[in-house]
Number of protein chains: 2
Amino acid sequence: MYSADYLRNFTYRFFRKLGCPETDASTIADILVAAERRGISSHGMIRIKNYYLLYEKGRINLRPEIKTERETPGTAVVDGDSAYGMVAGKKSMQIAIEKAKNAGTGWVATKNSSHFGIAGYYSMMALEEDMIGIAMTNANPLVAPTFSKSRMLGTNPIAVAVPAGKYPPYVADFATTPIARGKLTIKGKQGESVEKGLVQDADGQPSTNPDVIKEGGAILPLGGDRVHGSHKGYCLNSIVDIFSAVFSGANFGPFVPPQVPFLSPPKEQVGQGLGHFFGAMRIDAFQEKEEFKNKMDQWIETFREAESIEGEPEVMLPGDPERAKEEESDRYGIELLDSVEKDLSDLADKLGIDFEI
Amino acid sequence: MYSADYLRNFTYRFFRKLGCPETDASTIADILVAAERRGISSHGMIRIKNYYLLYEKGRINLRPEIKTERETPGTAVVDGDSAYGMVAGKKSMQIAIEKAKNAGTGWVATKNSSHFGIAGYYSMMALEEDMIGIAMTNANPLVAPTFSKSRMLGTNPIAVAVPAGKYPPYVADFATTPIARGKLTIKGKQGESVEKGLVQDADGQPSTNPDVIKEGGAILPLGGDRVHGSHKGYCLNSIVDIFSAVFSGANFGPFVPPQVPFLSPPKEQVGQGLGHFFGAMRIDAFQEKEEFKNKMDQWIETFREAESIEGEPEVMLPGDPERAKEEESDRYGIELLDSVEKDLSDLADKLGIDFEI
């Protein structure tokens, strides 16, 4: 078990040693450890090796000049200058928040970026400013549109954070697919099959094989198949792609560069890097601050009263599981997979820093 | 078969005779007939009887004063003054578009409104202005959160329209549930069952009975069950509720007044009427207009090339089926169910206007 502080400090030292500026190393450490604390370990320490190897491949600029390329009072397009996605993402969300302070809402599309970790982190940055925060990103093409066997879209997550009054905030952070890539990998390693309605094989036929991606298969959009509304998941997923890439000038759909070092970006590029989209909406642009928060508290109380189905878990609100996991992580520590510990230890050796297993 | 013009003219005369101002009758007619042309007949002429009966029940104000209650350069809260939803909706979207002209983006939350027809109509209003349009609304509580048997949310649709260059626009318009209420009703009338993963019974158990709503059951969120990502559908669905009602001061979740005359609004009200949320984003706030449109054309071409699964229909883009249906409607006319023809004929008699069956 590791404390969040230990992991944050290690990650900071790691990226400093690699050559990142202090602020950037600190940003990366914050976001990776936030993922671990929230129980989204697929976006936590396990990514460090990948991030390192992407740098080694020359795909990451450790000293990026992140610039606003175009703007109006309430919008901006940001060039991430091949930064780590966390660095470009945090800066972009800060710009969205600043815009919202003046214009009521702020919207930023970011190009030339890379994998940015958990979308929820950026949406939650808005909470401290009494704003609703929105973050989304496109990602490696692994998802097939309804009726297609082509991998055209990423698992393209959306996060929305809404401030409340006396209660913790509402935080939704979800991939627009029924299952995330990371969970498939775990199932595969455990030799388990997955339920129908999550993935399809290379011919587009239903599959229960979690390793289907390696064999040319695809993840299905949220909804699974046409009868269960996969065309709606496909809509949602493609909206994230358009907002993240067409607004910003990043690569869209099948052209998004894979965020793993063992796959090269497609030869044909239709934009720069990977794209994100961020929004911040001042709650007092719509209601008196206290009125909004009281209403949101009432909303939360109402949904807490929803009756559970016998034999099923308690009804939850978006953000509940992650918050419970945060409390657990802070109390008992964070566990890492043996393979992650080994990778971190090897990487630490390579860079001449410490990592205690 | 009816021509769109005939139905539009009839609807206009109907609402004029009822007492609506010219512009409002025209708006209602446009939106109902747009639904018929696009093949979404559940939101077309079949609704006129309901709309009439809601007025008879005193729930609709035919001469509303729709007012902006609060605003910033890029946002507004609109009071629909108990108008027909189409009237409040169109006015609100117009405000969002005007705001976007000046501020880059415009966002309007509307309270004190009612059923507004197809969300797609409002999103598409933005296209003429070279803007992306967004529309969403909350609705009668029929949907149970993951693990719950309580009906807490509506089928809460989202529409997003994106302008392209030489190709028709991208138009996504979808309920955040795997199946819409209207389709369940049709299945029920045909004596057919529905697939698993769409609805549950009053105890929260999986069901294939399309009449389950009448027996205390619920529609599931997009995803169906937890394994297939229903918690993500629940997130999406509740975001629509929060944006539509908490931003505006409308009723949220289980307090949304049912939009049918035979069910009274819940005694406890936490806001005014039903709520919508609208957005307009100028494409040139992010990219040069032509650059954005070319990129969107390229996006469309790329997705047209997605390979189909053998034995399945062609891969479609959001908006394709509705556009195909529009062309068919304009060529061959619009068919109405016998029961709808009868209702319209009876209503026409009542108001002393003509309806030709």
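Residues numbered from 1 in each chain as written. Chains lettered and ligands numbered in written order. Predicted model: local features only at pLDDT ≥ 70, side-chain atom pairs only at ≥ 80, totals over all residues. Heavy atoms only, no water.

*Asks:* Run through the overall build of chain A, naming residues and quoting values.
*Replies:* When you go through chain A residue by residue, the secondary structure sums to ten helices and ten strands. Taking 357 residues into account, the globule formula puts the C-alpha radius of gyration at 21 Å, and chain A, at 20 Å, falls close to it. Seen through its principal axes, chain A has C-alpha atoms that stretch 50 × 50 × 45 Å. Split into buried and exposed, the 357 residues of chain A put 62% on the buried side. Contacts spanning at least 24 positions in sequence make up 64% of the contacts within chain A whose residues lie at least 6 apart. Split by element, the accessible area of chain A, about 13800 Å² in all, is 46% carbon and sulfur. Within chain A, one finds 40 positive and 50 negative side-chain charges whose respective centroids are separated by 6 Å. (Helix = DSSP H or I, 4+ residues; strand = E, 2+ residues; numbered from the N terminus. Rg over C-alpha atoms; globule rule 2.2 N^0.38 Å. Buried < 20%, exposed > 50% of the residue type's maximum accessible area, 1.4 Å probe, protein only. Contact = heavy atoms within 4.5 Å. Areas by Shrake-Rupley, 256 points an atom, 1.4 Å probe, with all protein chains shown as cover. Lys, Arg positive; Asp, Glu negative; His and termini not counted. Charge placed at Lys NZ, Arg CZ, Asp CG, Glu CD.)

*Asks:* Give me the lowdown on the sheet that holds strand 4 (residues 131–137) of chain B, citing residues and values where you can.
*Replies:* Residues and elements named next belong to chain B. Here we have seven strands laid out as an open sheet, ordered 1-2-3-10-4-5-6, and mixed in their pairing. In this open sheet, the two edge strands, each paired with only one partner strand, are strand 1 (67–72) and strand 6 (170–174). Pairwise comparison of adjacent strand axes, ignoring direction, gives a mean angle of 10 degrees for this sheet. Strand direction decides the pairing type here: strand 2 (residues 75–79) and strand 3 (residues 105–113), joined by five bridges, are parallel. Residue aspartate 79 lies in a different strand from strand 3, and its bridge partner there is lysine 111. (Pairing = 2+ DSSP bridges. Axes fitted to C-alpha atoms, helices over the stretch in contact; angles between N-to-C directions.)

*Asks:* An account of the relation of the copies chain A and chain B is needed here, citing residue identities and associated values.
*Replies:* The transformation that overlays chain A on chain B combines an axial shift of 0.0 Å with a rotation of 180 degrees, and the residual RMSD is 0.0 Å. Given the turn and translation reported, the copies of this chain are related as if by a two-fold rotation axis. Ranked by how close their C-alpha atoms come to the rotation axis, the residues of chain A are headed by A:Gly223, at 2.3 Å. (Least-squares fit on C-alpha atoms with pLDDT ≥ 70 in both.)

*Asks:* Please provide a residue-by-residue account of the pattern of salt bridges, values included.
*Replies:* All names here are of chain B. Within the structure shown, the criterion is met by 43 salt bridges over all chains. The salt bridge involving glutamate 326 is made with arginine 38; its shortest N-O contact spans 2.9 Å. Here glutamate 326, found in helix 9 (residues 320–332), pairs with arginine 38, found in the loop between helix 2 (22–37) and helix 3 (47–56); they are 288 residues apart in sequence, far enough to count as distant. Linking lysine 166 and glutamate 301 is a salt bridge whose minimum nitrogen-to-oxygen distance equals 3.6 Å. Taken together, the positions of lysine 166 in the loop between strand 5 (158–162) and strand 6 and glutamate 301 in helix 8 (residues 289–304) put the pair 135 residues apart, joining distant regions of the chain. Assessed through its relative accessible area of 30%, glutamate 301 is described here as partly exposed. (Salt bridge = Lys/Arg side-chain N within 4 Å of Asp/Glu carboxyl O.)

*Asks:* Report on the sheet that holds strand 6 (residues 170–174) of chain A, specifying residues and quantitative values.
*Replies:* Taken together, the seven strands give an open sheet; going across it, the order is 1-2-3-10-4-5-6 (chain A), and neighbouring strands pair in mixed fashion. Here the strands that pair on one side only, and so sit at the sheet edges, are strand 1 (67–72) and strand 6 of chain A. Taken pair by pair, the neighbouring strands of this sheet meet at an average axis angle of 10 degrees, ignoring direction. Note that strand 1 of chain A and strand 2 (residues 75–79) of chain A share five bridges and pair antiparallel. The residue bridging A:Thr68 from the neighbouring strand is A:Val78, located in strand 2 of chain A. Lying over the sheet, helix 7 (residues 230–246) of chain B contacts strand 4 (131–137), strand 5 (158–162), strand 6 and strand 10 (274–282) of chain A, oriented at roughly 135 degrees with respect to strand 6 of chain A.

*Asks:* Explain the packing of aromatic side chains to me, using residue names and the numbers behind them.
*Replies:* Throughout the structure, instances matching the rule amount to 47 aromatic pairs over all chains. An aromatic cluster of three or more residues is present, and its members are A:Trp107, A:Phe243, A:Phe247, A:Phe277, A:Phe286, A:Phe292, B:Trp107, B:Phe243, B:Phe247, B:Phe277, B:Phe286 and B:Phe292. (Phe/Tyr/Trp six-rings, centres within 6.5 Å; stacked < 30°, edge-to-face > 60°.)

*Asks:* Any details on the interface of chain A and chain B? Residues and values, ideally.
*Replies:* Each side of the interface is counted separately: chain A has 91 residues, and chain B has 91 residues. The three residues of chain A that bury the most area against chain B are A:Phe147, A:Phe247 and A:Phe286, which together make up 11% of that side's buried surface. On the surface where chain A and chain B come into contact, there are four salt bridges. Our enumeration of links across chain A and chain B arrives at 32 residue pairs in polar contact (both at pLDDT 80 or more). If you tally residues by element for the side of chain A that touches chain B, the top one is helix 7 (residues 230–246) of chain A, at eleven residues. (Buried area = accessible area lost by both parts, 1.4 Å probe. Polar contact = N/O pair within 3.5 Å; in protein donor to acceptor, adjacent residues only side chain to side chain.)

*Asks:* Any chance you could break down helix 4 (residues 85–103) of chain A for me, citing the residues and the numbers?
*Replies:* All names here are of chain A. Between its first and last C-alpha atoms helix 4 spans 26 Å; for 19 residues at 1.5 Å apiece the expected length is 27 Å, and the two agree. Across the 19 residues of helix 4, 14 count as buried, placing the element largely inside the fold. Phi turns positive, to about 95 degrees, at glycine 104, one or two residues after helix 4. (Expected span 1.5 Å × (residues − 1).)

*Asks:* For the pairing of strand 10 (residues 274–282) of chain B, give the residues involved together with the corresponding values.
*Replies:* Residues and elements named next belong to chain B. With nine of its nine residues buried, strand 10 lies for the most part within the structure. Here strand 10 shows no split at all, with Leu274, His276, Phe278, Ala280 and Arg282 on one side and Gly275, Phe277, Gly279 and Met281 on the other all buried. In this sheet, strand 10 lies alongside strand 4 in antiparallel orientation, the contact comprising seven bridges. Bridge pairing in strand 10 places isoleucine 134 opposite glycine 279.

*Asks:* Describe in detail the environment of B:Arg37, supporting the description with residues and values.
*Replies:* All names here are of chain B. Looking at the secondary structure, you find arginine 37 in helix 2. As for arginine 37 and valine 240, which are separated by 203 residues in sequence, their C-alpha atoms are 26 Å apart. Every residue in contact with arginine 37, bar those within four places of it in the chain, is listed here: Ala4, Glu322, Lys325, Glu326, Ser329, Asp330 and Ile334.

*Asks:* Before we move on, could you go through the nonpolar core and cite the residues and values that matter?
*Replies:* Counting residues in hydrophobic clusters, the biggest one holds 104 residues, and the most contacted among them are A:Phe243 and B:Phe243. Non-local contacts of A:Phe243, meaning those with residues more than four positions away in its chain, are made with A:Ala109, A:Met136, A:His276, A:Phe277, B:Ile132, B:Ile134, B:Val160 and B:Met281. (Core = buried A, V, L, I, M, F, W, Y, C linked by side-chain atoms within 4.5 Å.)

*Asks:* Tell me about the domain arrangement of chain A, and name the residues and values.
*Replies:* How big an interface is tends to be expressed through the accessible area that disappears when the partners come together. Residue and element names in this part refer to chain A. Along its sequence, chain A is organised into domain 1 (1–60 + 336–357) and domain 2 (64–178 + 226–305). Inter-centroid distance (C-alpha atoms) of domain 1 to domain 2 is 23 Å. Listed as interface residues are 23 residues of domain 1 and, on the opposing side, 24 residues of domain 2. For the pair domain 1 and domain 2, the summed buried surface comes to about 2000 Å²; carbon and sulfur atoms form 68% of the total. (Domains from an automatic or database assignment.)

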